[in-house]
Amino acid sequence: MAHIEDRWYRVQDGNRVPTPLCGRGLRYRVRYSDPDGRERSKSFPDRDKRAAEAFLVTVEADKLRGSYIDPQAGRISLRRYASDWLAGQTFDESTREATESRLRVHVYPYLGDRGLSGIRPSHVQAWDRALQQHGLAPTYRRVLFANLSAILSAAVDDERIAKNPCRAPSVKPPRFVNRKITPWPTKQVLDLHRALATRYRVAATIAAGCGLRQGEVFGLAVEDVEFLSRTLHVVRQIKLVRGKLIFALPKGRKTRDIPLPETVATELAAHIRAFPPLEIRLPWETPDGKPTTARLLLYSREHKALDRHHFNAYVWKTALAAAGIEPSRANGMHALRHFYASVLLDAGESIKALSEYLGHSDPGFTLRTYTHLLPTSEQRTRQAVDRALTGGAATADGLPAAQERG
């Protein structure tokens, strides 16, 4: 039966008698059985009997409610628990590598050696403040915060801790910064295209004309292009995982078909004549995955698959400088994908169709990203009402003749 033991004194013949432990160590020990019948205990110092009593009441109440948490379970360090958590996730390898790196560099130095049950909301807030002082952008801090919160939520589910400190009311997550995308003007796209080395120019055309991500452009094979039906099949990308190039499904593991514009098809055909597709063999999905072959449209001068780090540093940045464009994160190859989206929206393409072409998993994400690029609705509203009221032909006063007769 659960009870509080006084380790300093015992009752003998109706009198309180000191024990050999009197005056040494913690005085009160709460002894109880957990839901599995194992004996547990927790000790409290002298003059803290009320805390011991409160703990005993809480333990017994938690057992009755089915919300009991073993105090020993939360002593595992965040570093050790997070390592086990990461090993059990079904991430693709590049996401696993990126998450592991973020935890190692930005989470473990601050919280890694703390036991799970010892992480307080104040610790989480102080950690985020330290990241802010080190100059990390709010967007990146939100990713780190989400990683930590996911780990601690898993610890709650595993009954190692009772609450996730990241969700405490006193903890303010890094604020969301909605940066509006500014698409490149057409002239800038054309200037960049001309500035690229001849063998890589088609990469800009594919990105700007079909909206492919950089890895998808690098992974495009001649067998993915249907010139007769004017369709581009996006079925793979090239990724860099643990320093090794691999083939993988597109982001979100979502393949898609994209309309192939005449201008893109024409340049692709010319590129194929000048630089015949090269058979490249890479592992599939993981560095030790099954080797897979594709006849790639783009490859290096050394006849190897393109490495994004080398391409961005020595090909893309060189072209930016030649075109008079400032090298920056906003002016990476992804800018051509934004250009593609802006062109389609300006032409009146639907968000749903654009989302499919871009390979987004949710049209809502597409809308949130590009809503500020949608054409203004005032003129469309005027024209729609005019058509409705006139049946397509307005009278002198602007109202349909049928209504005048009525």
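These lines cover the structure that appears in this document, whether it is placed above or below. These numbers come from a predicted model, not from an experiment.

**Observations concerning the overall build of the protein**
- Of the regular secondary structure elements, the protein holds 15 helices and twelve strands.
- A compact globule built from 406 residues should have a C-alpha radius of gyration of about 22 Å, whereas the protein, at 32 Å, is more than 25% larger.
- Along the first, second and third principal axes, the C-alpha set of the protein runs to 110 × 75 × 40 Å.
- Within the protein, buried positions represent 40% of all 406 residues.
- Pairs at least 24 residues apart make up 58% of the contacts formed inside the protein by residues separated by at least 6 positions.
- Mean positive and mean negative side-chain charge positions of the protein (63 and 44 charges, respectively) differ by 5 Å.

**Considering the pairing of strand β2 (residues 9-12)**
- Bridge analysis of β2 against strand β3 (residues 15-18) gives four bridges, and the strand direction is antiparallel. Along β3, the bridge assignment pairs Gln12 with Asn15.
- The antiparallel hairpin formed by β2 and β3 contains two residues in its connecting segment, where Asp13 sits at a positive phi of about 55°.

**Structural notes on helix α5 (residues 138-157)**
- In this model α5 runs 28 Å from its N-terminal to its C-terminal C-alpha over 20 residues, within 8% of the 28 Å that 1.5 Å per residue would give.
- Taken together, the buried positions of α5 are Pro138, Arg141, Leu144, Phe145, Asn147, Leu148, Ser149, Ile151, Leu152, Ser153, Ala154 and Ala155.
- Note on α5: the residue one or two positions beyond its end, Glu159, has a positive phi of about 60°.

**Focus on the sheet that holds strand β6 (residues 225-226)**
- Spatially, β6-β7-β10 is the arrangement adopted by the three strands of the open sheet, whose pairing is antiparallel. The open sheet has two edge strands, β6 and β10 (256-259), and neither has a second partner.

**Here's the deal with the packing of helix α12 (residues 351-358) against helix α13 (residues 363-370)**
- At a minimum axis separation of 9 Å, α12 and α13 run at an interaxial angle of 100°. In terms of their interaxial angle, α12 and α13 are classed as roughly perpendicular. On α13, the residues touching Ile351, Leu354, Ser355 and Leu358 of α12 are Pro363, Thr366, Leu367 and Tyr370.
- Along the lines of polarity and charge, the residues of the contact of α12 with α13 split into six nonpolar, two polar and no charged.

**Remarks on the pairing of strand β4 (residues 28-33)**
- Only one face of β4 is buried: it carries Tyr28, Val30 and Tyr32, and the other face, with Arg29, Arg31 and Ser33, is open.
- In terms of strand pairing, strand β1 (residues 3-6) meets β4 through four bridges, oriented antiparallel. Bridge pairing in β4 links His3 to Arg31.
- Sheet analysis places β4 next to strand β5 (residues 39-44), joined by six bridges and oriented antiparallel. For Tyr32, the partnering residue across the bridge sits in β5 and is Arg40.

**Here we look at unusual backbone geometry**
- Non-glycine residue Glu159 carries a positive phi angle of around 60°.
- With respect to the secondary-structure elements, Glu159 resides in the loop between α5 and α6 (186-195).
- We classify Glu159 as partly exposed; its relative accessible area is 47%.
- With phi around 55°, Arg253 is a residue other than glycine that occupies positive phi space.
- In this structure Arg253 comes out as exposed when scored by relative accessible area, which is 52%.

**A closer look at the environment of Arg194**
- Relative to the helices and strands, Arg194 resides in helix α6.
- C-alpha of Arg194 to C-alpha of Ala204: the two residues are ten residues apart in sequence and 9.6 Å apart in space.
- Within the local environment of Arg194, its side chain forms a polar contact with the side chain of Asp191, the two groups lying 2.4 Å apart.

**Side note on the pattern of salt bridges**
- Following the criterion strictly, the structure yields 21 salt bridges and no others.
- Where Glu5 meets Arg31, a salt bridge forms, and the shortest distance between an N and an O atom there is 3.5 Å. Taken together, the residues span a long stretch of sequence, with Glu5 in strand β1 and Arg31 in strand β4 at a distance of 26 residues.
- Ionic pairing is found between Arg242 and Glu100, a salt bridge with its closest N-O pair at 3.3 Å. Of this pair, Arg242 sits in the loop between β8 (237-241) and β9 (244-248) while Glu100 sits in helix α3 (residues 93-111); the two residues are 142 residues apart in sequence, bridging distant segments of the chain.
- You can call Glu100 partly exposed: its relative accessible area is 31%.

How each quantity is defined
- Every residue gets a number counted from 1 within its own chain, in the order that chain's sequence is written.
- Per-residue local features of the predicted model are confined to residues with pLDDT of at least 70, and side-chain atom pairs are confined, for both listing and counting, to 80 or more; whole-chain, interface and lining totals are unaffected and use all residues.
- Hydrogens and water are ignored here; the side-chain numbers use all heavy atoms of the structure.
- Where helices and strands are cited, they refer to DSSP runs of H or I of at least four residues and of E of at least two residues respectively, numbered from the N terminus.
- Throughout, the radius of gyration refers to the C-alpha atoms, and the reference size of a globule is 2.2 Å times the residue count to the power 0.38.
- Each residue's exposure class comes from its accessible area (1.4 Å probe, protein chains only) as a fraction of the maximum for that residue type: buried when under 20%, exposed when over 50%, partly exposed otherwise.
- Only heavy atoms matter for contacts: two residues are in contact if any of them lie within 4.5 Å across the pair.
- For the charge count, each Lys or Arg is scored as positive and each Asp or Glu as negative, with His and the chain ends excluded.
- Charged groups are reduced to one reference atom each: NZ for lysine, CZ for arginine, CG for aspartic acid, CD for glutamic acid.
- Strands are treated as partners if at least two bridges between them are detected by DSSP.
- Multiplying 1.5 Å by the helix residue count minus one yields the expected span of that helix.
- Axes, fitted as lines to C-alpha atoms, cover a helix only where it is in contact. Angles between the N-to-C directions of the axes lie from 0 to 180 degrees.
- Angles below 35 degrees are treated as roughly parallel, those above 145 as roughly antiparallel, those between 65 and 115 as roughly perpendicular, and all remaining angles as oblique.
- Each residue gets one label: Ala, Val, Leu, Ile, Met, Phe, Trp, Tyr, Cys and Pro are nonpolar, Asp, Glu, Lys and Arg are charged, and the others, such as Gly, are polar.
- Contacts described as polar in this section are N or O atom pairs within 3.5 Å, which, within protein, must combine one atom able to donate a hydrogen with one able to accept it, while residues neighboring in sequence count only if both atoms come from side chains.
- Each reported salt bridge corresponds to a side-chain nitrogen of Lys or Arg within 4 Å of a carboxyl oxygen of Asp or Glu.

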